[in-house]
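Residue-level structural notes
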Amino acid sequence: MSSSDIFLGETIGTAILILLGGGVCAAVTLKASKARNSGWLAITFGWGFAVLTAVYVSAPLSGAHLNPAVTLGIALKDNDWSNVLTYWSGQLLGAMIGAALVWVAYYGQFQAHLTDREIVGGPGAQATSAKAVEAQEKGAGPVLGVFSTGPEIRNVVQNMATEIIGTFVLVIAVLTQGLNDSGKGLGTLGALITALVVVSIGLSLGGPTGYAINPARDLGPRIVHALLPLPNKGGSDWSYAWIPVVGPLIGGALAAGLYNVAFV
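**Quick word on the overall build of the protein chain**
Helix and strand counts for the protein chain come out as 12 helices and zero strands. Walking the protein chain from its N terminus toward its C terminus, one meets helices and strands in the order α-α-α-α-α-α-α-α-α-α-α-α. Counting only contacts in the protein chain whose residues sit at least 6 apart along the sequence, the fraction spanning at least 24 positions is 77%. A total accessible area of about 11200 Å² is found for the protein chain, and carbon and sulfur atoms account for 66% of it.

Take a look at the structure:
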């Protein structure tokens, strides 16, 4: 795989991942969406299908890492760092493109949601706005969850541990059974396995933090949230933003360490 193929594949694949994954979050969250309040099962399966689609599209070009933690794990497994920055750059750019496309697809719903006083507070607000106002006071605006993750309980140690554990499960699954014959990315069967693993992680471990398990998935859309001209969007919660970046990278490194010790 050439560097240009890797960059293009990761950009396209991660954009599709975030478009479909962020899209299900928007569908469940925003007013005037037909899927509003569909719940956690819709989100977890939506993200799983997003992974499946993105992997199948991007695998021929880049091996479909789509996640800096996966790239790190494979680099540590193979001791090959030659394309790590290329993968990471494509992943971050793709995540930002995908998040911007979610905004385009749900533009009217964002406008309706963020101008509703029951959502954003202010004159005429009802008691139901209390949670949104409280979230804004803590630095997370009322639609930030469409773009990036946040904890239900703010505890740095627990939040970090949750992201490390979830990403460890993902990366060890990719390394043990999800790689293609060349070992450089996800194969056809690996795409399905990994999608189901992501669903499992979401159902079992996603409750505390929203299971970023992917630094690009969280950081790229968070940057887009900060830049978009959304009315009453509130903060982007930058005080928390380092956890879904550092935690998954640690989890990916630990998974690679175990793989090298136990499976090689």
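**Notes on the packing of helix α1 (residues 3-29) against helix α4 (residues 84-105)**
Remark: α1 packs on α4, axes separated minimally by 6 Å, with the N-to-C direction vectors making an angle of 35 degrees. The crossing of α1 and α4 is right-handed. Of the residues in the contact of α1 with α4, the class split is 13 nonpolar, 11 polar and one charged.

**Quick notes on the side chain of Thr14**
Within the fold, Thr14 resides in helix α1. Not counting residues within four places of it along the chain, the set of residues in contact with Thr14 comprises Leu66, Gln91, Gly94 and Ala95.

**A few points about the nonpolar core**
In this structure, Leu17, Trp47, Phe110, Val143, Val146 and Phe147 are the most contacted members of the largest nonpolar core, which totals 52 residues. The element contributing the most residues to this core is α1, with eight residues. Ignoring anything within four residues of it in the chain, the contact list for Phe147 reads Ala99, Phe110, Arg217, Pro221, Val224, His225, Leu228 and Leu230.

The rules we used
Along each chain, numbering runs from 1 in the same order as the chain's sequence is written. In keeping with the model being predicted, local features are shown solely for residues with a pLDDT of at least 70 and side-chain atom pairs are shown and tallied solely at 80 or more, while totals for entire chains, interfaces and linings include all residues. Hydrogens are left out, water is left out, and the side-chain values use all remaining heavy atoms of the structure. Only DSSP runs of H or I with at least four residues qualify as helices, and only runs of E with at least two residues qualify as strands; both kinds are numbered from the N terminus onward. Note on contacts: a residue pair qualifies if any of its non-hydrogen atoms lie within 4.5 Å across the two residues. For every accessible area listed, the method is Shrake-Rupley and the probe measures 1.4 Å; residues are considered covered only by the protein chains on display. Lines fitted to the C-alpha atoms define the axes, with helices restricted to the stretch that makes contact. Angles between their N-to-C directions range from 0 to 180 degrees. The hand of a helix crossing depends on one turn: near helix anticlockwise from the far one by less than a right angle means left-handed, and clockwise means right-handed. Residue polarity is assigned by list, with Asp, Glu, Lys and Arg as charged and Ala, Val, Leu, Ile, Met, Phe, Trp, Tyr, Cys and Pro as nonpolar; anything else, Gly included, falls into the polar class. Buried residues of nine kinds, namely Ala, Val, Leu, Ile, Met, Phe, Trp, Tyr and Cys, make up a nonpolar core once their side-chain atoms join them within 4.5 Å. Each residue's exposure class comes from its accessible area (1.4 Å probe, protein chains only) as a fraction of the maximum for that residue type: buried when under 20%, exposed when over 50%, partly exposed otherwise.

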